[in-house]
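Residue-level structure breakdown
Here are the chains, one letter per residue:
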Protein chains: 2
Amino acid sequence: MKRNTDKYQQILTAAIKVFAERGFSQSTISQIAQEAGVADGTIYLYFKNKDDILVQFYERMTEHVSSRFWEAVEEGQTAVEKLHNLIHAHLDVFQSQPNGAIVYQGETHLQWRLVQEPTRKMSKMYRDIISKVVALGQQEGVIRNDLYVGLVKRLINGAVEEVINTWIHTGRDHDLAAMAEPLVELFINGIGTRKGQQAIGNQAPQDFIDQYGDT
Amino acid sequence: MKRNTDKYQQILTAAIKVFAERGFSQSTISQIAQEAGVADGTIYLYFKNKDDILVQFYERMTEHVSSRFWEAVEEGQTAVEKLHNLIHAHLDVFQSQPNGAIVYQGETHLQWRLVQEPTRKMSKMYRDIISKVVALGQQEGVIRNDLYVGLVKRLINGAVEEVINTWIHTGRDHDLAAMAEPLVELFINGIGTRKGQQAIGNQAPQDFIDQYGDT
């Protein structure tokens, strides 16, 4: 039983390395078998086909990330601490597995139909966490009451992913997790001065509220 | 000469449609020729190979987007107007060509080596625009003086791209360009109340400044 789990993990790790280097579409079962040091046929004892490997990677990644994120958020006391811990965990989980980061960030756009279900779960999980953190911050009086959580989720997730992509594309030579602090600072403070903040005010059109209020 | 330009554009449009539907890696020259209504051989009068089509699409897209963005920014009077115009143009350019949006957003991660040069140009252009807008806003006193432009660029670009991806993945049923206003509001105001903003302050570690100060 233990040996089977090891071999499953060994194949999965090899597959993600091959996907990261060649892209999912250009990778073959033979390349994965060679990388894992097993016979081609062994792959099929654990996975239906190449698509199934990607889907299982996404499902496990979603589960792993989900429990890491919730744990990180639970460990914070205040809303700002929770937000910081979430973003730190997000950066750290990808920093610790660069091949997973490359495959996850890239294939989500291209294999959309294939990974739709785990991606939807991940997206819902992220929204639930942000909702919880925003609600707590509103209770504490440190986060605004007039926010649309759907858009806040996209602001935070988009910025964090862009920072991860920069890290991937610049050869991963800086400490990714250390970016959590300046990111949280930007989310909370924004880029405006008080004068700028007063000038722009806050008016959201109704169709925007319809679109991003509850998604 | 005019006829050649038309055919070039016809093939490029067809190719982007095929790439958007099947992904770049799984698309063939024959599929593109069929979609464009030309013989396979005609493709090679205009493009070296399939890679060359993607590279030329990226180069033209970068040029097109670049002049659209600068124009949009020039048309604004204040920093906030310029920022709004930039984001509106960004959303609008992708809304007006959904196939281009799908290919551009997806293949940048996967065909990184292939599209490295135009992507680098696009990234530099975006940074230059943000630098200019931030500098003007600082002069006007509406944007903070203690910002690291490299991170602000990633905040804005990441959030805007996440909103574009949401639009792509939810069937493109809402007005994408209308999201410019609430996005600018979030960038300027942040998600914190004044109490939250005072509590978090602004301290950036030195290695963060080294990393994102000038990139």
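Residues numbered from 1 in each chain as written. Chains lettered and ligands numbered in written order. Predicted model: local features only at pLDDT ≥ 70, side-chain atom pairs only at ≥ 80, totals over all residues. Heavy atoms only, no water.

Residues and elements named next belong to chain A. In this fold, Thr 42 is placed in helix H3 (residues 40–46). Taking relative accessible area as the criterion, Thr 42 reaches 17% and is therefore assigned buried. Not counting residues up to four positions away in its chain, the partners in contact with Thr 42 are Lys 7 and Ile 11. (Helix = DSSP H or I, 4+ residues; strand = E, 2+ residues; numbered from the N terminus. Buried < 20%, exposed > 50% of the residue type's maximum accessible area, 1.4 Å probe, protein only. Contact = heavy atoms within 4.5 Å.)

Residues and elements named next belong to chain A. In this structure the tally under the stated criterion is 18 salt bridges over all chains. One salt bridge connects Asp 146 with Arg 144, and the closest N-O pair in it is separated by 3.0 Å. For Asp 146, a relative accessible area of 30% gives the class partly exposed. Taking relative accessible area as the criterion, Arg 144 reaches 10% and is therefore assigned buried. (Salt bridge = Lys/Arg side-chain N within 4 Å of Asp/Glu carboxyl O.)

Contact residues are listed per partner, giving 56 residues for chain B and 56 residues for chain A. Between chain B and chain A, a total of about 5,700 Å² is buried, with carbon and sulfur atoms accounting for 62% of that surface. Connecting chain B to chain A are 2 salt bridges. With a shortest N-O distance of 2.8 Å, A:Arg144 and B:Glu185 are connected by a salt bridge. Counting across the chain B and chain A interface gives 24 residue pairs in polar contact (both at pLDDT 80 or more). Looking at the side of chain B that touches chain A, the elements with two or more residues in it are helix H5 (79–95), helix H6 (98–110), helix H8 (149–169), helix H9 (180–189), helix H10 (194–200) and helix H11 (206–212) of chain B. If you tally residues by element for the side of chain B that touches chain A, the top one is H8(B), at 13 residues. Of the residues in the side of chain B that touches chain A, the class split is 23 nonpolar, 23 polar and 10 charged. (Buried area = accessible area lost by both parts, 1.4 Å probe. Polar contact = N/O pair within 3.5 Å; in protein donor to acceptor, adjacent residues only side chain to side chain. Nonpolar A, V, L, I, M, F, W, Y, C, P; charged D, E, K, R; others polar.)

Attention now moves to helix H4 (residues 50–75) of chain B. End to end, H4(B) covers 38 Å across 26 residues, agreeing with the expected 38 Å (1.5 Å per residue, within 8%). Its side-chain oxygen at 3.2 Å from the backbone nitrogen of B:Asp51, B:Asn49 defines the N-terminal cap of H4(B). (Expected span 1.5 Å × (residues − 1).)

What follows covers the relation of the copies chain B and chain A. Overlaying chain B with chain A gives an RMSD of 0.0 Å, the required rotation being 180° about an axis along which the chain moves by 0.0 Å. One copy is carried onto the other by what is essentially a two-fold rotation axis. Taking the C-alpha atom as reference, chain B places B:Gly190 closest to the rotation axis, 1.8 Å from it. Counting the interface residues of chain B, we find that 100% of their copies in chain A are interface residues as well, pointing to one common contact surface. (Least-squares fit on C-alpha atoms with pLDDT ≥ 70 in both.)

It is worth spelling out the domain arrangement of chain A at this point. Residues and elements named next belong to chain A. Taken domain by domain, chain A comprises domain 1 (1–47) and domain 2 (50–212). On a C-alpha basis, the centroid separation for the pair domain 1 and domain 2 is 30 Å. Across the boundary between the two partners, domain 1 contributes 17 residues, which contact 15 residues of domain 2. Taken together, the two surfaces of domain 1 and domain 2 that pack against each other cover about 1,400 Å², and 71% of this comes from carbon and sulfur. Taken together, the connections running from domain 1 to domain 2 amount to 0 salt bridges. In this structure, the connection of domain 1 to domain 2 is made through 5 residue pairs in polar contact (both at pLDDT 80 or more). Residue assignment for the side of domain 1 that touches domain 2 shows that the elements contributing at least two residues are helix H1 (2–22), helix H2 (29–36) and H3. When residues in the side of domain 1 that touches domain 2 are grouped by element, the largest group, 8 residues, is from H1. Class assignment for the residues of the side of domain 1 that touches domain 2 results in 12 nonpolar, 4 polar and 1 charged. (Domains from an automatic or database assignment.)

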